[in-house]
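Coordinate analysis (summary)
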Amino acid sequence: MLEFIEQEKLKVENILKEDMEHQDKKIDYILYNPDTMETNILASNSNEEAIEFRSSQDGYNYVPEWDYNFDYYIYNLLEEDWKIAYMTPEVHYNIWNSIYELYPEDIDYKDGVQNYLQYCVDNGITKEFLDKENDLDTPNIMEYFEGLSKNETMNYAGYVIKAEDINCEKSNETIVSIFKSKIDYINGNYNERISLNTIGLKQNIIDYMDEVYVDKADIESEKGYFTFVLGYDLLNKMIKKYDSLECDINYEFCLNISEQFLNSDEYSNFNHSSLEMLEQWLSKNKDRIELEYKKAIGYEDKVYNKNMTIIDKGTRREQPVALIEKSLSEIEKEYIIAFNYRIKDNKIDWAYGYYYDDNIPKAKDDFKKVINGENLSKTFEREDNL
C-alpha cells in the first residue's frame, strides 16, 4: 500500500478507535486518486451506519443509508481514474449483486463499472473467491467485462491479440500485441504493439483491427459463406431433428454460430482450410450448440413414461433409433439406445435396446456408430433386451 494511503488508513483507524460513537465501525474500502494523492475512505458497522473520510476535508461525513449507492460513491470516482487501494470481501459481494441486478440499464457510470471489473480481474476477485470468503453464492458478473486481463488473448478475423502490461506513460491504456496467426503467437512473432484505452479494451481492439488490418468486405463474405454452409449442410441435420420451420430463426442462429467461429482459435489456424476448421470446431462444441439452438427455437424436451426424454434420434436402415435419458431419481440417470422405438399417448417403448447406466459418453459414441450404420453386437459382453 502506498505510503500516503497507509497514513490516511492509520489516521482513520485511530479516529474509529478513540471515538465512542464509532468504535464498532470498520473500514469497508479505500479509494485514492494517484494524481492528487487524495483518499476516500468509508467505514460502517453491522447496523449499516456509515461515515466517509476524505483526505481533502477535516473530520468525516455521515452517509445516510437512503442516500448511499455504489454508482455515485464508487463507480463515479473509478470513472475519474481513482483506484481501489483496499476493499473487504463483503463490499465486493454487495457490489457484484448490485451489478448483477442493475447493469447496464440502471447504472450511470458504466466506465466506472468496467474499471471495477478490471480491478477484479487483475487482483483475483472471482466468484469462487467471494463464495469462499463470504460463505454465500455470488452471482457471476464477469460476462459484463469488456476488457482483457494481463496476458489474456482474444481472436479476431484470424488474428491473435494479447493484452500485455499497462502503459507506464499512460496509466489508462494497455499495451497489446497483434499476431498474424496462432503460429506467430506461439513463436512470439508479433506484427506490432500498440497502446489502447483499457476501458472496453475488447471493442477498442476490434475498432483498431477493423481500421488497420481487416477488410470488412472479406469478413462479411466469409461470414455469409459459413452461415450458408451451416444452414444447408453442417447443421441441417440438427435443425431438421427439431422440425423448426422458422427460416428467420434458423438463419439468425446460423449467423450467430458463424460469428462465434470467426472469433475462435480454430479460425485462426492457417494450417488447414476454414471449412475443415469449422467442422472441427462444430464437433468440439456440438452439445453446447444444440442446447443454444433448442433455446433459440423455444424447444422443450418432451417427457415420456413420466421419466424419459429423447436426447437424440435418427435412423439406421430406415429403422427409427433414439438415445434416451431415463431419470431414476433426482440425481441418477440411465442412458439407453432404443431401436425401432414407438411413441403413443405420450408413452415410448422400443423393440430392443442397449443400456449404459450413467455412462453418457459411451452411449453418445455408440449412438453415432448406430446412425452411421454400424452394429453394436460387440459393444458389451451381453445385450439387454426389453
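Predicted model only: the values in this text are computed from it and were never measured. (Residues numbered from 1 in each chain as written. Predicted model: local features only at pLDDT ≥ 70, side-chain atom pairs only at ≥ 80, totals over all residues. Heavy atoms only, no water.)

Notes on the pairing of strand β2 (residues 39–44)
Most of β2 is tucked away: six of the six residues are buried. In β2, alternate side chains face the same way, and those of Thr39, Ile41 and Ala43 on one face and Asn40, Leu42 and Ser44 on the other are all buried. Bridge count between strand β1 (residues 26–32) and β2: six bridges; the pairing is antiparallel. Within the sheet, the bridge partner assigned to Lys26 lies in β2 and is Ser44. (Buried < 20%, exposed > 50% of the residue type's maximum accessible area, 1.4 Å probe, protein only. Helix = DSSP H or I, 4+ residues; strand = E, 2+ residues; numbered from the N terminus. Pairing = 2+ DSSP bridges.)

Points about the sheet that holds β2
Spatially, five strands are ordered β4-β3-β2-β1-β5 in an open sheet, and the strand pairing comes out antiparallel. Strands with a single pairing partner mark the edges of an open sheet, and in this sheet they are β4 (61–63) and β5 (83–87). For this sheet, the mean inter-axis angle between neighbouring strands, taken without regard to orientation, is 25°. Looking at chain direction, strand β3 (residues 50–54) and β4 are connected through three bridges and run antiparallel. In the strand pairing of β4, Glu52 is matched with Asn61. (Axes fitted to C-alpha atoms, helices over the stretch in contact; angles between N-to-C directions.)

Here's the deal with the packing of aromatic side chains
Summed over all chains, the structure comprises 20 aromatic pairs. Geometrically, the ring pair formed by Phe4 and Tyr32 is edge-to-face, given 6.1 Å between the ring centres and 75° between the ring planes. Remark: Tyr32 occurs in strand β1 and Phe4 occurs in helix α1 (residues 3–18); sequence separation between them is 28 residues. Grouping residues by exposure puts Phe4 and Tyr32 together as buried. Between Tyr72 and Tyr109, the aromatic rings sit 5.6 Å apart at their centres with planes inclined by 90°, giving edge-to-face as the arrangement. Taken together, the residues Tyr72 in helix α2 (residues 70–79) and Tyr109 in the loop between α3 (89–102) and α4 (110–122) connect sequence positions 37 residues apart. Residue class for Tyr72 comes out partly exposed when judged on its relative accessible area of 43%. (Phe/Tyr/Trp six-rings, centres within 6.5 Å; stacked < 30°, edge-to-face > 60°.)

Description of the packing of α3 against α4
The contact between α3 and α4 brings their axes to 12 Å, and the two run at 135°. Comparing their axes, α4 and α3 come out oblique. When the axes of α3 and α4 are compared, the crossing they make is left-handed. Only Val113, Tyr116, Tyr119 and Cys120 of α4 make contact with α3, whose side of the interface consists of His92, Ile95, Trp96 and Ile99. Of the residues contributing to the contact of α3 with α4, the split by class is seven nonpolar, one polar and no charged. (Parallel < 35°, antiparallel > 145°, perpendicular 65-115°, else oblique. Left-handed = near helix turned anticlockwise from the far one by under 90°. Contact = heavy atoms within 4.5 Å. Nonpolar A, V, L, I, M, F, W, Y, C, P; charged D, E, K, R; others polar.)

Re the nonpolar core
With 37 residues, the main nonpolar core has Ile161, Ile205, Met209 and Leu235 as its most contacted residues. In this structure, Ile161 is in contact with Glu152, Thr153, Met154, Tyr156, Val176, Ser177, Ile178, Ile205 and Met209, ignoring residues within four places of it in sequence. Within the second largest apolar cluster, 30 residues are counted, among which are Phe70, Trp82, Val91 and Ile141. (Core = buried A, V, L, I, M, F, W, Y, C linked by side-chain atoms within 4.5 Å.)

Quick look at α2
For α2, a buried count of eight out of 10 residues is recorded, marking the element as mostly surrounded by other parts of the structure. Where α2 is concerned, the buried positions are Phe70, Asp71, Tyr73, Ile74, Tyr75, Asn76, Leu77 and Leu78. Of the residues that open α2, the one with a side-chain oxygen 3.0 Å from the backbone nitrogen of Asp71 is Asn69. Count one or two residues on from α2 and you reach Asp81, which has phi positive near 70°. (Polar contact = N/O pair within 3.5 Å; in protein donor to acceptor, adjacent residues only side chain to side chain.)

Digging into a negative patch on the surface
A surface patch of negative charge is lined by Asp35, Glu79, Glu80, Asp81, Asp111 and Glu146. The topology assignment puts Asp35 in the loop between β1 and β2. (Patch = residues over 30% accessible without salt bridge, like charges linked within 9 Å, V, L, I, M, F, W, Y side chains within 5 Å. Areas by Shrake-Rupley, 256 points an atom, 1.4 Å probe, with all protein chains shown as cover. Salt bridge = Lys/Arg side-chain N within 4 Å of Asp/Glu carboxyl O. Lys, Arg positive; Asp, Glu negative; His and termini not counted. Charge placed at Lys NZ, Arg CZ, Asp CG, Glu CD.)

Quick word on the side chain of Asn115
Relative to the helices and strands, Asn115 resides in helix α4. Among residues more than four places away in sequence, those in contact with Asn115 are Leu78, Glu79, Asp81 and Ile199.

Let's talk about unusual backbone geometry
Here Tyr103 and Pro104 are connected by a cis peptide whose omega angle stands at 0°. Looking at the secondary structure, you find Pro104 in the loop between α3 and α4. We note that Lys306 has phi near 70°; this positive angle belongs to a residue other than glycine. Here Lys306 lies in the loop between α12 (286–296) and β10 (308–316).

Examining the confidence of the model for the protein chain
Averaged over the protein chain, the pLDDT score is 89; the fraction of residues at 70 or greater is 96%. Confidence over residues 382–386 falls short of pLDDT 50; this stretch has 12 contacts with residues more than four positions distant or in other chains. (pLDDT = per-residue confidence, 0-100.)

Observations concerning the sheet that holds strand β9 (residues 192–197)
Across a sheet, strands are paired by hydrogen bonds formed along the backbone, either parallel or antiparallel in direction. What the four strands build is an open sheet, ordered β6-β7-β8-β9; its pairing is antiparallel. Only two strands of the sheet have a single neighbouring strand rather than two, namely β6 (153–156) and β9. When the angles between neighbouring strand axes are averaged without regard to direction, this sheet yields 35°. Of the strands in this sheet, β6, β7 (159–166), β8 (173–179) and β9 touch helix α7 (residues 201–212), which is tilted by about 130° from β9.

Examining the packing of α2 against α3
Viewed as axis vectors pointing N to C, α2 and α3 meet at an angle of 100°, and their least axial separation amounts to 12 Å. Put simply, α2 runs roughly perpendicular to α3. Listed contacts from α3 to Phe70, Ile74 and Tyr75 of α2 are Val91, Asn94, Ile95, Ser98 and Ile99. Grouping the amino acids of the contact of α2 with α3 by side-chain chemistry returns six nonpolar, two polar and no charged.

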